[in-house]
Amino acid sequence: MIRSAVPADIPMIRTLIAELAEYEREPQAAKATDQQLHDALFAEHPAVFALMAEDDATGAVAGFALYFLNFSTWTGTHGIHLEDLFVRPDARGGGYGKALLRELARIACQRGYSRVEWAVLDWNEPSIAFYKSLGAVPKDEWLTMRLAGDALRELGS
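Residues numbered from 1 in each chain as written. Predicted model: local features only at pLDDT ≥ 70, side-chain atom pairs only at ≥ 80, totals over all residues. Heavy atoms only, no water.

J.: Provide a residue-level description of the sheet that holds strand β3 (residues 61–72), including the pertinent values.
T.: Taken in spatial order, the five strands line up as β1-β2-β3-β4-β5 in an open sheet, and their pairing is mixed. Each edge of the open sheet carries a strand with a single partner, namely β1 (2–4) and β5 (116–118). Adjacent strand axes in the sheet meet at a mean angle of 35°, parallel and antiparallel pairs treated alike. One ladder, built from three bridges, connects strand β4 (residues 77–87) with β5; its direction is parallel. Within the sheet, the bridge partner assigned to His81 lies in β5 and is Glu117. Lying on the sheet, helix α1 (residues 10–23) is in contact with β2 (49–54), β3 and β4; it crosses β4 at an angle near 75°. Against the sheet, helix α3 (residues 96–111) engages β1, β2, β3, β4 and β5, with an angle of about 165° to β4. (Pairing = 2+ DSSP bridges. Helix = DSSP H or I, 4+ residues; strand = E, 2+ residues; numbered from the N terminus. Axes fitted to C-alpha atoms, helices over the stretch in contact; angles between N-to-C directions. Contact = heavy atoms within 4.5 Å.)

J.: Please give an account of the pairing of β2 that cites residues and values.
T.: Regular strands have side chains that alternate between both faces of the sheet. Along β2, five of the six residues are buried, which leaves the element largely enclosed by surrounding structure. Pairing geometry for β1 and β2, over three bridges, is antiparallel. What sits directly across from Arg3, in β2, is Met52. What sits between the antiparallel neighbours β2 and β3 is a turn of six residues, in which Gly59 has the positive phi angle 80°. (Buried < 20%, exposed > 50% of the residue type's maximum accessible area, 1.4 Å probe, protein only.)

Any functional reading would require information that these geometric values do not contain.
Here it is in structure tokens:
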């Protein structure tokens, strides 16, 4: 079952983010607090949205997707940027990742958005193969750039 997150999901979302950070070999990078997640997801005009994947039989959370909207100046339409997609190791192969992506695609189509995009680590071959099996294509000609830390503060001062 895929459903929209509710405020009571915040501790689980934080746990899943920590598990994802561990999987991506950066456990120290997961610093978001419950309050920060609550403010981002459930403000009057939220900037971020989340879907929860639950086991139909037990109700246990199997994974989640966290996303926000982007905008294409070329098409003049919004799109979805998938920030995090994570399925717990013991639930992988159960269709939860595909169900989460299917729901994101449904939302995009229903709302007239032009695309769903995300990044995947180049060493994550199982995920890359999974995404390609769904019809996703890598944007090999684009590099992701990040301005953070001291460089961000220096440029912003």
